[in-house]
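Listed below, chain by chain, are the residues.
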Amino acid sequence: MRDLKIPEQRHPEKAHRPDNAQPKKPDWIRVKAPTSQGYKKTHAIMREHKLVTVCEEAGCPNAGECWSQGHATMMIMGEVCTRACSFCNIATGKPPEELDVFEPGRVADAVQKLGLNHVVITSVDRDDIEDGGAEHFAMTIRAIRKRSPDTTIEILTPDFIRCDDSALEVVVAAKPDVFNHNLETVPGLYPEVRPGARYFHSLRLLQRVKEIDPSMFTKSGIMVGLGEDKQAVIQVMEDMRAADIDFLTIGQYLQPTPKHHAVDRFVTPEEFKVYERAAYNKGFLMVSASPLTRSSYHAGDDFAKLRENRLKKLGRA
């Protein structure tokens, strides 16, 4: 029986790799340990409903702040991912269980109890399932809509690369408010950072969302500090805008363990500001670019701005 709290068992494919040095984090990345009552309440609700969160599994540095406000990003379809990306701390391997048909209801119940205005739902990759979990995403969206009709829903999906095209159509038909799929890095780093994925497939996935439902907001993000250069980041922005992506997130890559991809450098807050200005100049409706930016960090506030910015743009048209 695997113990997913032990790094060697969490990432068996990385166990024999040489260690990469973990550089000391600069002051602008340090965060306080979570201690608030709000954090404890959120933690209790997650455990009560037997829910997995990407905040915990991926070791997000913002968990203390977000959970203190009741904002937890729920990760559906288990806690073991069929991919083995070199940057990610989620456990890898063959998932030990089938999909839990009661999970969508438990997620909806937790959303209601937390009183969320906006919720982010993500998942592990499930390449062992024919539709990649598309119907499970759709069921979760519908369950939340039924219990909390005023809550806006953001999903962060896998790439469905081994699935029929209809898998994406099933998810979009469930009408999430935001469809997010992260490109994660620049195309030149895919073989070492995201070897199970394909850059242009992920880009095309987001483009197809807009073709199926032009009114749906699309969102994607990348990490910096993996070894990319500035020109490659700018090119990713161009590619995203060509695919009509509305919202871009850029955050600093942080190395989870010595076995994971090395941090190439810590990008300064000033550089993030440069990326933010460049992205807005290219036409994104919303940009979040900072060292601690993550896909779901301040997602509710950002969604409100995203909607407002679209209305402003339409008003000028």
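One can find the structure itself at the top, above this paragraph.
Residues numbered from 1 in each chain as written. Predicted model: local features only at pLDDT ≥ 70, side-chain atom pairs only at ≥ 80, totals over all residues. Heavy atoms only, no water.

1. A closer look at the pairing of strand β8 (residues 217-224)
1) Next: Where burial is concerned, most of β8 is hidden: eight out of the eight residues are buried.
2) Next: Both faces of β8 are covered, namely the face carrying Phe217, Lys219, Gly221 and Met223 and the face carrying Thr218, Ser220, Ile222 and Val224.
3) Next: Two strands pair when backbone bridges link them, and strand β7 (residues 178-180) and β8 are joined in this way by three bridges, in the parallel orientation. The residue of β8 that forms the bridge with Asn180 is Lys219.
4) Next: Here β8 pairs with strand β9 (residues 247-252) via six bridges, running parallel. (Buried < 20%, exposed > 50% of the residue type's maximum accessible area, 1.4 Å probe, protein only. Helix = DSSP H or I, 4+ residues; strand = E, 2+ residues; numbered from the N terminus. Pairing = 2+ DSSP bridges.)

2. Concerning the packing of aromatic side chains
1) Next: All chains considered together, the criterion is met by three aromatic pairs.
2) Next: Here the aromatic rings of Tyr199 and Phe200 are separated by 4.9 Å at their centres, their planes lie at 85°, and the arrangement is edge-to-face.
3) Next: Residue classification places Phe200 among the exposed positions, given a relative accessible area of 58%.
4) Next: Aromatic pair Phe217 and Phe303: ring centres 5.8 Å apart, planes at 90°, arrangement edge-to-face. Of this pair, Phe217 sits in strand β8 while Phe303 sits in helix α12 (residues 299-316), and the two are 86 residues apart along the sequence.
5) Next: Relative accessible area serves as the criterion here: at 6%, Phe217 is assigned to the buried category.
6) Next: The class for Phe303 is buried, based on a relative accessible area of 4%.
7) Next: If you follow Lys219 out to its NZ or CZ, it ends over the ring of Phe247, 4.4 Å from the centre. (Phe/Tyr/Trp six-rings, centres within 6.5 Å; stacked < 30°, edge-to-face > 60°. Lys NZ or Arg CZ within 6 Å of the ring centre and 35° of its normal.)

3. Section: the nonpolar core
1) Next: Core analysis: the biggest nonpolar cluster contains 74 residues, and Met74, Ile121, Phe179, Met237, Met240 and Ile250 have the highest contact counts within it.
2) Next: Looking at which element gives the most residues to this core, the answer is helix α6 (residues 134-147), with six residues.
3) Next: Apart from residues lying up to four places away in sequence, Ile121 is in contact with Met74, Ile76, Val107, Phe137, Thr140, Ile144, Glu154, Ile155 and Leu156.
4) Next: Within the second largest apolar cluster, seven residues are counted, among which are Phe247, Met286, Phe303 and Leu306. (Core = buried A, V, L, I, M, F, W, Y, C linked by side-chain atoms within 4.5 Å. Contact = heavy atoms within 4.5 Å.)

4. Overview of unusual backbone geometry
1) Next: For Glu184, which is not a glycine, the phi torsion comes out positive at approximately 75°.
2) Next: Among the secondary structure elements, Glu184 is positioned in the loop between β7 and α8 (190-193).
3) Next: Among the residues examined, Glu184 registers a relative accessible area of 16% and is labelled buried.
4) Next: Phi at Asp244 takes a positive value of approximately 65°, unusual for a residue other than glycine.
5) Next: Along the polypeptide, Asp244 turns up in the loop between α10 (230-242) and β9.

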